[in-house]
Amino acid sequence: RPSWLANSSLAVYNPSQPMPVILYLGEHKVLKQRVFALVITFLVLLGSGCTQAGGSRAAQAAEDYLRALAAKDADRIAALSCAQWEPDARLEVDSFQAVDVRLENLACEETGQEDSTTLVVCHGKLVATYNNEDQEIDLSSRTYQIVSQDGEYLVCGYR
């Protein structure tokens, strides 16, 4: 083993395993800091890529909308809806005023794109309780239409 590699390598050769990449950083503090910064940057980008794939902004908008619906928050629903859908969204909130509402196992995902509209399907249930009787609404029966307006993702109906 060369003397310049004696105490500075990040990997050690093991003949029973594939040859590792040996990265000599030695006494070069600046190089160590740059490699560390690159590794951290890579991990952050990798993590944000996973978040984007698993939970897009459009899917998050649908989840926020459903949470506001379960909370019967008409103002929040209006803020999460496009102008065309707002009256229907408020009507939807009104329809739950006489019952207790909860969400179970909510998870939304993008399923496609039509022109400038992102299609989102949610899984889970919206459970409405009245007089100790539960009525379950399967969320996967609706495809939410999400539009981007001024950088905001808004619910603009469902089918």
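Residues numbered from 1 in each chain as written. Predicted model: local features only at pLDDT ≥ 70, side-chain atom pairs only at ≥ 80, totals over all residues. Heavy atoms only, no water.

Caption draft 1: The state of the cysteines, seen in detail. Under the criterion given, the structure shown has 2 disulfides. A disulfide bridge connects C82 with C156, and the sulfur atoms are separated by 1.9 Å. Between C82 and C156 the disulfide shows an S-S torsion of about 75 degrees. By sign, it is right-handed. Residue C82 is found in the loop between helix 3 (74–79) and helix 4 (86–94), and its partner C156 is found in strand 5 (residues 152–158); the two are separated by 74 residues along the sequence. In this pair, the class of C82 matches that of C156, namely buried. With its sulfur 2.0 Å from that of its partner, C108 forms a disulfide with C122. Note on the C108 and C122 pair: the S-S dihedral is about 105 degrees, so by sign convention the disulfide is right-handed. Taken together, the residues span a long stretch of sequence, with C108 in strand 1 (residues 100–114) and C122 in strand 2 (residues 117–130) at a distance of 14 residues. (Disulfide = S-S within 2.5 Å. Helix = DSSP H or I, 4+ residues; strand = E, 2+ residues; numbered from the N terminus. Buried < 20%, exposed > 50% of the residue type's maximum accessible area, 1.4 Å probe, protein only.)

Caption draft 2: Structural view of the pattern of salt bridges. Considering all chains together, one arrives at 9 salt bridges under this definition. Notably, a salt bridge pairs E86 with R90, separated by 3.2 Å at the nearest N-O pair. Remark: R90 and E86 occur in helix 4; sequence separation between them is 4 residues, near one turn of the helix. (Salt bridge = Lys/Arg side-chain N within 4 Å of Asp/Glu carboxyl O.)

Caption draft 3: Structural view of the packing of aromatic side chains. Summed over the entire model, instances satisfying the criterion amount to 3 aromatic pairs. Residues W85 and Y158 carry aromatic rings whose centres are separated by 5.3 Å and whose planes lie at 75 degrees to one another, so their mutual orientation is edge-to-face. In this pair, W85 is assigned in the loop between helix 3 and helix 4 and Y158 in strand 5, connecting sequence segments 73 residues apart. Pairwise contacts between aromatic rings join Y65, W85, Y144 and Y158 into one cluster. A cation over a ring is seen here: R142 above Y158, with NZ or CZ 4.0 Å from the ring centre. (Phe/Tyr/Trp six-rings, centres within 6.5 Å; stacked < 30°, edge-to-face > 60°. Lys NZ or Arg CZ within 6 Å of the ring centre and 35° of its normal.)

Caption draft 4: Spotlight on helix 4. Residues of helix 4 that are buried include every one of A89, E92 and V93, and no others. Angular distribution of buried residues about the axis of helix 4 spans 100 degrees; they occupy a single face of the element. Exposed positions of helix 4 whose direction lies more than 90 degrees from the buried face are P87 and L91. Each element contacted by the buried residues of helix 4 is listed here: helix 2 (57–70), helix 3 and strand 5. (Arc of directions from axis to C-beta. Contact = heavy atoms within 4.5 Å.)

Caption draft 5: Just helix 2, in detail. With 14 residues, helix 2 extends 20 Å between its outermost C-alpha atoms, agreeing within 8% with the 20 Å of an ideal straight helix rising 1.5 Å per residue. With 10 of its 14 residues buried, helix 2 lies for the most part within the structure. Within the sequence span of helix 2, burial applies to A58, A59, A61, A62, E63, Y65, L66, A68, L69 and A70. Its buried side turned inward, helix 2 meets helix 3, helix 4, strand 1, strand 2, strand 4 (143–149) and strand 5. In the segment just after helix 2, K72 is the residue with positive phi, at about 55 degrees. (Expected span 1.5 Å × (residues − 1).)

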